[in-house]
Amino acid sequence: MEITSDPDEIVQHEYPPEPDRPIGVTVRGPVETRELPARGVGYRTEQNVGQVAVRLLPLEARRKGALICAVGQDIWLAQSQAGAMAGAAGAIRIPAVLPWPVDHLGEVWACAVSGTTDISVQSSYWSE
């Protein structure tokens, strides 16, 4: 048998990539799970956010999670600009200086309840 490094000989047939889908598992006995660490991180601060909502987080499939923290004033958080600016009718009120975890991939918009505030965002990502 002759060994070759010719790619045409090595790769004889390529299959198209399969879409990600759940794999059925039957658990018997104790199981230990561990959360994978993030591969990347990003930090930023939106300064002087008033009653006009700003997008803090875009729709991002790579995002593992995020923390949002307003420094000076309470903020309204929602999935849309209109929702955040609608206040209690379309958003959730987050007290100032309370780090708020985000565990979804969707957009997050925010505006100050009154006055202006700085809003810091820390995002972690599954891939770079």
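My aim in this report is to walk through the structure given alongside it, one point at a time.

**Some details on the overall build of the chain**
Looking only at helices and strands, one finds two helices and eight strands in the chain. Ordering the α and β elements of the chain from the N terminus gives α-β-β-β-β-α-β-β-β-β. Looking at the chain as a whole, 26% of its 128 residues are labelled buried. Summarising the internal contacts of the chain: among those between residues at least 6 apart in sequence, 81% fall at separations of at least 24. For the chain, the computed accessible surface area is about 9500 Å², with 54% contributed by carbon and sulfur atoms.

**Structural notes on the pattern of salt bridges**
Using the criterion set out here, one finds six salt bridges in the structure. Taking the shortest distance from any N to any O, the salt bridge between Glu-60 and Arg-62 comes out at 3.2 Å. Here Glu-60 falls in the buried class, since its relative accessible area comes to 18%. Overall, Arg-62 belongs to the partly exposed group, its relative accessible area being 31%. Asp-74 is the partner of Arg-93 in a salt bridge, and the nearest nitrogen-oxygen pair spans 3.1 Å. You can see Arg-93 sitting in strand β5 (residues 92–94) and its partner Asp-74 sitting in the loop between β3 (63–70) and β4 (75–78), a full 19 residues away along the chain.

**Some details on the sheet that holds strand β1 (residues 40–49)**
Spatial ordering of the open sheet is given by β1-β8-β3-β6, a layout of four strands whose pairing is antiparallel. If you trace the sheet from one side to the other, it starts and ends with β1 and β6 (100–102), each paired once. In this sheet, adjacent strand axes meet at a mean angle of 20° when their direction is disregarded. Inspection of the sheet shows β1 paired to strand β8 (residues 117–125) by eight bridges, in the antiparallel sense. Pairing of Val-49 across the sheet is with Thr-117, part of β8.

**Quick word on the packing of aromatic side chains**
The tally for this structure, following the rule as stated, stands at zero aromatic pairs. The ring of Tyr-125 carries Arg-62 above its face, with NZ or CZ at 5.0 Å from the centroid. In this structure, Arg-93 packs its charged tip against the face of Trp-76, placed 5.8 Å from the ring centre.

Cut-off values and rules
- Residues numbered from 1 in each chain as written.
- Predicted model: local features only at pLDDT ≥ 70, side-chain atom pairs only at ≥ 80, totals over all residues.
- Heavy atoms only, no water.
- Helix = DSSP H or I, 4+ residues; strand = E, 2+ residues; numbered from the N terminus.
- Buried < 20%, exposed > 50% of the residue type's maximum accessible area, 1.4 Å probe, protein only.
- Contact = heavy atoms within 4.5 Å.
- Areas by Shrake-Rupley, 256 points an atom, 1.4 Å probe, with all protein chains shown as cover.
- Salt bridge = Lys/Arg side-chain N within 4 Å of Asp/Glu carboxyl O.
- Pairing = 2+ DSSP bridges.
- Axes fitted to C-alpha atoms, helices over the stretch in contact; angles between N-to-C directions.
- Phe/Tyr/Trp six-rings, centres within 6.5 Å; stacked < 30°, edge-to-face > 60°.
- Lys NZ or Arg CZ within 6 Å of the ring centre and 35° of its normal.

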